[in-house]
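One letter stands for each residue in the lines below.
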Amino acid sequence: KPASFSVLLLTLLYFISCATFLAPLNMGGVTGQVQFDSNNQTATLNVSGAGSCSAVNISLTVFPVMYGHFAEPCSEANIGVSVFTFTGDPSSASPINVSLLFGQISNLDDLSLSLETCDGIKICTVVSQGQTRLTRQARFTESVAGNIYIRANVNNANPRLLADLVTIGQVNAPEIGINIFGSTSTAANCTILLGSLDAASLTNLGSVKVGNPLSPQKSRLDFSSFRVYSYLLLRVGSSYNCAQVYNMLEKEVRAVMNMRGISGYFNFRQASPFDVTQLSVNLANLRELFGPYHVHNFPVPSVRSGQCSNDNVGGHCNPFAVDTTSETYPVGPGSTHDKYETGDLGGKHMSLSGRSTFQMTFTDFSLPLFGQNSIVGRSVVIHLVSGDRYACASIGYPGAVTVASATFQTPVVGKIIFTQLVNNPLSDVSIFMDLSYGDPTTITTQHHNWHVHEFPISSERDDDEGRCITTGGHWNPFKISTTDSSYALHCKPSCPLCCEAGDLANKYTTINLDTDIGGVKSKHFFTDVTSWLDISGITGRSVVIHE
Ligand SMILES: [Cu+2]
């Protein structure tokens, strides 16, 4: 018996100690990878584009990069503080001893690796064994707001918790540590759970850092075993804030092309916001006519002709305003994905030029299906070699959706359409707006606030003045204080959870109203990342556009 036990133990030790972690690089002109081998306790650099100097600084930080989400993805606000730093010669592939790292941290999954090039450019990527199979998410919306992710590998190995929390409703709130508790309660919701809370039934998962919206903090906790918690609770003062934990499912969406002879599809797949996107293109009957293809801003409307026009689908999806007219804009593939417009699929990967059929799969480090810059619900356009638009298709949703719409009739005409996955209350809400003045003699106006208000418009009155009186205040299910001076300071696109859920103007932007009905200036597309308490949360309310 002792013999077989020690064999088992040895096998177990071998299994644990022999892990390879990869940090693939594709940013700031740097490609390649850094490989960590826990068996040899080494890091091996295999990078190009980092410059020629004898050493670059490499850091591991606590929170994984969210590809394509931020203009500065590698800032401390986005990937957290460094937990280990070493240096390496960017032109050498000889192993670097990092035994101190493995002495300190055994599982590198979901750390970020950030590297500063010889020219001082900071780039970053997620470190992974490629074994992550589960992402769960809880979203807090009260005095402490933000997301907590629980991730695990195959067989629920290496469970870890990633926290992105801020104190809201307070100017200059100091950084605090806060304890997170797990609950396996079967209560139907947080209100019921908190109503009869048995503190002894909670598992203290540890302390995480909470920053403020102007100085966010990230944290990570590693666990020795995995447990499915139905709720997470934060101990705030003497009480608890509660959030239900949901599975965050992989997203797979498709733009099906079936126009003017072209048939096929663009398929997009992303496991989580911390993973790269897989793009599969499968097109037939191209007749060697086509070249570029892009994600464009708006979905394809159901009109008879001119569906792919600029007025209908808009320009390229380009959330970071990359300048395509710049001399440094890459001609064709070969540069890192952040150097291109998010939507410039052909530029990043491969032109359709000279092809009669096209079947390729690409990995994209800057094509998010999650978050504010998500391409879900927009469209793909295929262009002739000359650049003219030829065919287009909307990008669908990764499951059944609920659609809510607000229709305007006078003086403003058009619609705002809200779309969210059914039974997935933490899923993104896409907002497609097409609004203009119905009377062509109206003068264009700018910077209108727009909000979801609490109640519907009056059906009793049809004069323009009275119909909005019944709508009440802004829809504010998370009871965010707007009287505190922190509201104006924090409620911005960078902190949507600092805003009333209905304050769409501050979460995104104010809107301009033009008289060109159906024109590109009348259209906007936003992706909302705050909880909507299921879409029924806004159904039956109203959208008010202020003067
Ligand atoms: Cu295009």
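About the cut-offs
- Residues numbered from 1 in each chain as written.
- Predicted model: local features only at pLDDT ≥ 70, side-chain atom pairs only at ≥ 80, totals over all residues.
- Heavy atoms only, no water.
- Donors = N, O, S within 2.8 Å, 3.2 Å for Na, K, Ca; no water.
- Helix = DSSP H or I, 4+ residues; strand = E, 2+ residues; numbered from the N terminus.
- Buried < 20%, exposed > 50% of the residue type's maximum accessible area, 1.4 Å probe, protein only.
- Salt bridge = Lys/Arg side-chain N within 4 Å of Asp/Glu carboxyl O.
- Core = buried A, V, L, I, M, F, W, Y, C linked by side-chain atoms within 4.5 Å.
- Domains from an automatic or database assignment.

Where an unreviewed UniProt entry is consulted, the protein chain appears under the name Superoxide dismutase copper/zinc binding domain-containing protein, with the organism given as Poecilia formosa.

> Even after reading the chapter, I still don't get the coordination of the copper ion, so can you show me in this structure?
Note on metal sites: the ideal angle is 109.5 degrees for four tetrahedral donors, and 90 or 180 degrees for six octahedral donors. For the copper ion, every protein donor is listed as His294 (ND1), His296 (NE2) and His383 (NE2), and the spread of their distances is 1.9 to 2.0 Å. Mapped onto the sequence, the donors of the copper ion take the spacing H-x1-H-x86-H. Placement of histidine 294 in strand β20 (residues 290-296) and of histidine 383 in strand β22 (residues 379-384) is noted, with a sequence separation of 89 residues between them. Relative accessible area serves as the criterion here: at 5%, histidine 383 is assigned to the buried category.

> What exactly am I supposed to notice about the pattern of salt bridges here?
For side chains of opposite charge, pairing can occur when their charged atoms come near one another. Per the stated rule, a full pass over the model turns up eleven salt bridges. Between lysine 521 and aspartate 514 there is a salt bridge, with its nearest N and O atoms 3.7 Å apart. Note on lysine 521: relative accessible area 58%, which makes it exposed. Given the relative accessible area of 13%, aspartate 514 is considered buried. Here the residues in one salt-bridge network are Asp110, Arg151, Arg160 and Asp275, joined through shared partners.

> I tried to follow the nonpolar core on my own but got confused; where do I start?
If you look at soluble globular proteins, the nonpolar side chains tend to sit buried side by side. Counting 42 residues, the largest nonpolar core has Met257, Ile262, Phe266, Phe268, Leu283, Tyr293 and Ile382 as the members making the most contacts within it. Elements supplying a minimum of two residues to this core: β17 (251-259), β18 (262-270), β19 (277-284), β20, β21 (358-364), β22 and β23 (389-394). Counting contributing residues per domain, this core is built from domain 1 (2-126) and domain 3 (251-394), each supplying no fewer than three. The next biggest cluster of nonpolar side chains, apart from the first, holds 36 residues, and it includes Val166, Tyr437, Cys491 and Ala501.

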